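In case you want the letters, here they are:
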Amino acid sequence: MWRLRRAAVACEVCQSLVKHSSGIKGSLPLQKLHLVSRSIYHSRHPTLKLQRPQLRTSFQQFSSLTNLPLRKPKLSPIKYGYQPRRNFWPARLAARLLKLRYLILGSAVGGGYTAKKTFDQWKDLIPDLSDYKWIVPDIVWEIDEYIDFGHKLVSEVIGASDLLLLLGSPGETAFRATDHGSESDKHYKKGLLGELILLQQQIQEHEDEARRAAGQYSTSYAQQKRKVSDKEKIDQLQEELLHTQLKYQRILERLEKENKELRKLVLQKDDKGIHHRKLKKSLIDMYSEVLDVLSDYDASYNTQDHLPRVVVVGDQSAGKTSVLEMIAQARIFPRGSGEMMTRSPVKVTLSEGPHHVALFKDSSREFDLTKEEDLAALRHEIELRMRKNVKEGCTVSPETISLNVKGPGLQRMVLVDLPGVINTVTSGMAPDTKETIFSISKAYMQNPNAIILCIQDGSVDAERSIVTDLVSQMDPHGRRTIFVLTKVDLAEKNVASPSRIQQIIEGKLFPMKALGYFAVVTGKGNSSESIEAIKEYEEEFFQNSKLLKTSMLKAHQVTTRNLSLAVSDCFWKMVRESVEQQADSFKATRFNLETEWKNNYPRLRELDRNELFEKAKNEILDEVISLSQVTPKHWEEILQQSLWERVSTHVIENIYLPAAQTMNSGTFNTTVDIKLKQWTDKQLPNKAVEVAWETLQEEFSRFMTEPKGKEHDDIFDKLKEAVKEESIKRHKWNDFAEDSLRVIQHNALEDRSISDKQQWDAAIYFMEEALQARLQDTENAIENMIGPDWKKRWLYWQNRSQEQCVHNETKNELEKMLKCNEEHPAYLASDEITTVRKNLESRGVEVDPSLIKDTWHQVYRRHFLKTALNHCNLCRRGFYYYQRHFVDSELECNDVVLFWRIQRMLAITANTLRQQLTNTEVRRLEKNVKEVLEDFAEDGEKKVKLLTGKRVQLAEDLKKVREIQEKLDAFIEALHQEK
């Protein structure tokens, strides 16, 4: 009976196998059932034959890893005559053992998979430390190549076919085994093992069906229980996640601190020369130099500066400066409460170095950022430079201040701090301040590769923001904008709905879009707080903040450290994407400029403004040296002639004419001596020095402006003229020269001894020239007074005016009086004036006494000069009487002696001045010229003003473009090497 019951049960099992098998299609005949089932449970079936059948399975097997059908396993046939009892209990025993093995090994694999998945989740929470890989010694990474803590080991184990045969599911095992070819086929053909595997698969399918059925009944109960515990689990997981993130945050900060110390030690050793190698210029410093050159380049030829930099914009007092200081890790900017402190753009280049220092581009002084006095000096210097850049009548300036900040652990990038955007112009500001700030901000943000760091004050209403609209205009798609919400601690206290902060960080409150959103805290508002204190306060705030605990903010969106890392990554990504394109544009610009130069100036070398200045400087110095090559004779002739032209009027009018009016020679000589003494003491030395200085200027100007023929380059004319004027302005004659010159002149005028006839004749010739020149001047004055004579009136149709007619009648009347008395004195008596006036009135000519005196002065002067010239002719033979001191002679030639004394004084003075010029003044002038040239060389604006023209500008553009291209090429090469 028990056999019959077992046979019935076996029949039901077989029917259920046929019915529920996932690989069977349609009904399964008994002949195609498993041999064990047929031999045990259906031994009396009428269709069962004793011959050995060829067993085949008509159903397909499917692996859980793929949908492709697997090759049918060929089970080994069982020989005829096997007894059912002997074949059944080994099958059951094998099935149980296989099931136990699968449960144990499946649990091991599942546990391993779960552990791996948990490890991956924890691993994703750890920040990326690839930038700090260089901290760990190289030997660790060499060991790491042979040690893999997870993925490689698991993949290699799973990939081993023999282990899969033991650990995999039956379907997967079959799939793997079929892929191994003949060896696997042989394995499955070895007797009963293949049948046992197929049986285990069927058993596994039954278990899956039972599990699914049990799951349906327990779903409702599990759901109710899960609802109660889900919230608690979520809160617990969030709490654990927050603590884990903060734990790794602290670990990372500790590693960064150790990294700073290690890098500092390494760089200090390099500075001391321990490694005996030359440190190369850092990558960020090379990039900063490119930006500095581009800022000075006039963007002609449509080549604009599109190189990336981080542009920091925000409303006034939104915390821009504080964010920058946290990134730079130093309080380096001037600070004020509510007033505008950033008055011009400040370009800050952050780079790594052994010491935390700052220095300006145009200065060699280093400010130690670890010392408070240096920080105060740096802030003061930045404020002075800002005020210097701001022109009179303005509030802000577009001129950029370039500052380099180095220190261990600083993120490498270039930031530009812009003046804060304002909504209203207050008192004390220029009327165009608001528009100027907008134009400066747009000029930097319109660069398509500029990264916009938009700073928003979290403690004020978002609707009051101005900068967000401006940023959304310049970057509507938010492809290069990073949004930063500052003062989150105040915002959390003051904002009634914390979800409003979440909306801001998620980019749902403002119309602008951004690459990323960050929330930071930059202190408690105390300007004396240190960077370390601010960092601790920021970390403590976010650790206890509900914004993180309630998942309104993500851990990677908070703290200035995360912001710095994100900005640096974005900056270098943008640099790598755009720098080569910018280099190509400058190559094209260089080609265009070189082609234009070849077409316009084919025979000239490309000299920029500095090189042209050096060339002009050498020419000017050569011309100054040429002054020392002027012959002494030339100097003395020029000086003597110039000095006489300067003093001749005084000699004739104030010395000779008054002395000549005397009645005898004694009075003449006395008068001459007195007047010469007075003249020498007061005027003559000063006049002589003035003449010498003017002569030096004229000669210097002649050498400077004299054309050099074909070699003359008119591009230097303005520069030479400016150098000449400035040098003359700075030159001062030696003050002691007048005193020594006065003594020499006084001694020369005291000498009256004419040694030979030649000197006597020279004095007479000098006197005749002087008197003849005065006579000509007098004739011209009389002609202007009386008008044209009859010849000019007839030939040139000229007429006399009424006044000229009166002067002519008066002249004629006075000449009649002189003919009557040729020895008449120089002045008219009153009765003589009355007589002349009445004679003119009798002819109908009304005259004024002053007109008569003026006319008499010119008429008598002409009469006197003609008489003196006649006397010169008489004195030509008077040297003999002079040697006898004019004893027993009616001829007196004291006036000739006077002119000889004057002539000799002029010669001695010219000789003295020439010696002073060649020995002293020319050298001093050369020194002044060198100083002026050195000052001009340091004054770029002066060179731009004095060296102008298309040729100069074209050469300047060529130089700038070449310099930019070379620096860009060097930077790109270093960038590729760093990759």
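Residues numbered from 1 in each chain as written. Predicted model: local features only at pLDDT ≥ 70, side-chain atom pairs only at ≥ 80, totals over all residues. Heavy atoms only, no water.

A word on the state of the cysteines. The tally for this structure, following the rule as stated, stands at one disulfide. With its sulfur 2.1 Å from that of its partner, Cys875 forms a disulfide with Cys893. In this structure, the disulfide formed by Cys875 and Cys893 twists by about -100° around the S-S bond and is classed as left-handed. Of this pair, Cys875 sits in helix α30 (residues 849-875) while Cys893 sits in the loop between α31 (879-883) and α32 (894-938), placing them 18 residues apart in sequence. What makes Cys875 buried here is its relative accessible area of 0%. Looking at Cys872, it has no disulfide partner, and the nearest cysteine sulfur is the one in Cys875, 6.6 Å off. (Disulfide = S-S within 2.5 Å. Helix = DSSP H or I, 4+ residues; strand = E, 2+ residues; numbered from the N terminus. Buried < 20%, exposed > 50% of the residue type's maximum accessible area, 1.4 Å probe, protein only.)

Moving on, we come to the pairing of strand β1 (residues 310-314). Of all five residues in β1, five are buried, a share of seventy percent or more. The alternating pattern of β1 places Val310, Val312 and Gly314 on one face and Val311 and Val313 on the opposite face, and all of these are buried. Inspection of the sheet shows β1 paired to strand β6 (residues 413-417) by three bridges, in the parallel sense. Looking at β6, one finds that Val311 is bridged to Val416. As paired elements, β1 and strand β7 (residues 451-457) share five bridges and run parallel to each other. Its bridge partner being in β7, Val313 is matched across the sheet by Cys454. (Pairing = 2+ DSSP bridges.)

This next bit is on the confidence of the model for the protein. For the protein, mean pLDDT is 75; residues scoring 70 or higher make up 70% of the total. Mean pLDDT values over the elements of the protein span from 34, in helix α6 (residues 161-167), up to 92, in β1. Contacts from residues 1-87, a stretch scored under 50 in pLDDT, to residues over four places away or in other chains number 103 contacts. pLDDT under 50 marks residues 272-279. Its contacts with residues more than four places away, or in other chains, come to six contacts. (pLDDT = per-residue confidence, 0-100. Contact = heavy atoms within 4.5 Å.)

Time to look at a negative patch on the surface. On the surface, Glu399, Glu931, Glu934, Glu938, Asp939 and Glu941 cluster together into a patch of negative charge. Here the negative patch gets three residues from one element, more than from any other, and that element is α32. Tracing the sequence through the fold places Asp939 in the loop between α32 and α33 (940-946). (Patch = residues over 30% accessible without salt bridge, like charges linked within 9 Å, V, L, I, M, F, W, Y side chains within 5 Å. Areas by Shrake-Rupley, 256 points an atom, 1.4 Å probe, with all protein chains shown as cover. Salt bridge = Lys/Arg side-chain N within 4 Å of Asp/Glu carboxyl O. Lys, Arg positive; Asp, Glu negative; His and termini not counted. Charge placed at Lys NZ, Arg CZ, Asp CG, Glu CD.)

According to the stated counting rule, one finds 17 aromatic pairs in the structure shown. Between Phe766 and Phe899, the aromatic rings sit 6.0 Å apart at their centres with planes inclined by 70°, giving edge-to-face as the arrangement. Of this pair, Phe766 sits in helix α26 (residues 757-786) while Phe899 sits in helix α32, and the two are 133 residues apart along the sequence. Exposure class is identical for Phe766 and Phe899. Each is buried. Pairwise contacts between aromatic rings join Trp644, Tyr656, Phe766, Trp856, Tyr860, Phe864 and Phe899 into one cluster. Sitting over the ring of Phe360, Arg385 keeps its end group 4.0 Å from the ring centre. Between Lys943 and the ring centre of Phe613, over which it is positioned, the NZ or CZ distance is 5.6 Å. (Phe/Tyr/Trp six-rings, centres within 6.5 Å; stacked < 30°, edge-to-face > 60°. Lys NZ or Arg CZ within 6 Å of the ring centre and 35° of its normal.)

Glancing now at the pairing of strand β8 (residues 481-486). Counting buried positions along β8 gives six out of six residues, so the element sits mostly inside the fold. Because side chains alternate across β8, one face comprises the buried residues Thr481, Phe483 and Leu485, and the other comprises Ile482, Val484 and Thr486, equally buried. Sheet analysis places β7 next to β8, joined by six bridges and oriented parallel. Within β8, the position partnered with Gln456 by the bridge is Leu485. Summarising the sheet, β8 and strand β9 (residues 516-519) pair through four bridges and their orientation is parallel. Note on β9: the bridge partner recorded for Phe483 is Tyr517.

Here helix α28 (residues 802-820) crosses helix α29 (residues 830-842) at 130°, and the two axes come no closer than 10 Å. Here α28 lies oblique to α29, going by the angle between them. Of the two elements, α28 crosses α29, and the hand of that crossing is right-handed. Each of Glu809, Thr810, Glu813, Leu814 and Met817 in α28 lies in contact with α29, whose residues at this interface are Glu832, Val836, Asn839 and Leu840. Class assignment for the residues of the contact of α28 with α29 results in four nonpolar, two polar and three charged. (Axes fitted to C-alpha atoms, helices over the stretch in contact; angles between N-to-C directions. Parallel < 35°, antiparallel > 145°, perpendicular 65-115°, else oblique. Left-handed = near helix turned anticlockwise from the far one by under 90°. Nonpolar A, V, L, I, M, F, W, Y, C, P; charged D, E, K, R; others polar.)

Below, the discussion takes up the nonpolar core. Within the largest apolar cluster, 100 residues are counted, with the highest numbers of intra-cluster contacts made by Trp644, Tyr656, Trp679, Trp760, Ile902 and Val929. The greatest single-element share of this core, amounting to 17 residues, is contributed by α32. Formed by 66 residues, the second largest nonpolar core is a distinct cluster that contains Val293, Val414, Val484 and Leu968. (Core = buried A, V, L, I, M, F, W, Y, C linked by side-chain atoms within 4.5 Å.)

With 19 residues, α28 extends 28 Å from end C-alpha to end C-alpha; this agrees with the ideal 27 Å at 1.5 Å per step. All of the buried residues in α28 are Val806, His807, Asn808, Thr810, Lys811, Glu813, Leu814, Met817 and Leu818. Where α28 is buried, its residues contact α26, α29 and α30. (Expected span 1.5 Å × (residues − 1).)

One pass over the structure, following the stated rule, counts 41 salt bridges. The shortest N-O distance in the salt bridge between Glu726 and Arg730 comes to 3.0 Å. One end of the pair is Glu726 and the other is Arg730, both in helix α24 (residues 717-730) and four residues apart, which spans about a single turn. Among the ionic pairs, Glu813 bridges to Arg843, the shortest N-O distance being 3.1 Å. Of this pair, Glu813 sits in helix α28 while Arg843 sits in the loop between α29 and α30, and the two are 30 residues apart along the sequence.

Let us look at the sheet that holds β1. On the basis of which strands lie adjacent, the open sheet formed by nine strands has the order β4-β3-β5-β2-β6-β1-β7-β8-β9 and mixed pairing. Where the open sheet ends on each side, the last strands, each with one partner, are β4 (367-368) and β9. In this fold helix α12 (residues 372-389) packs onto β2 (346-351), β3 (357-360), β4 and β5 (401-406), with an angle of close to 160° to the strand it touches most, β5.

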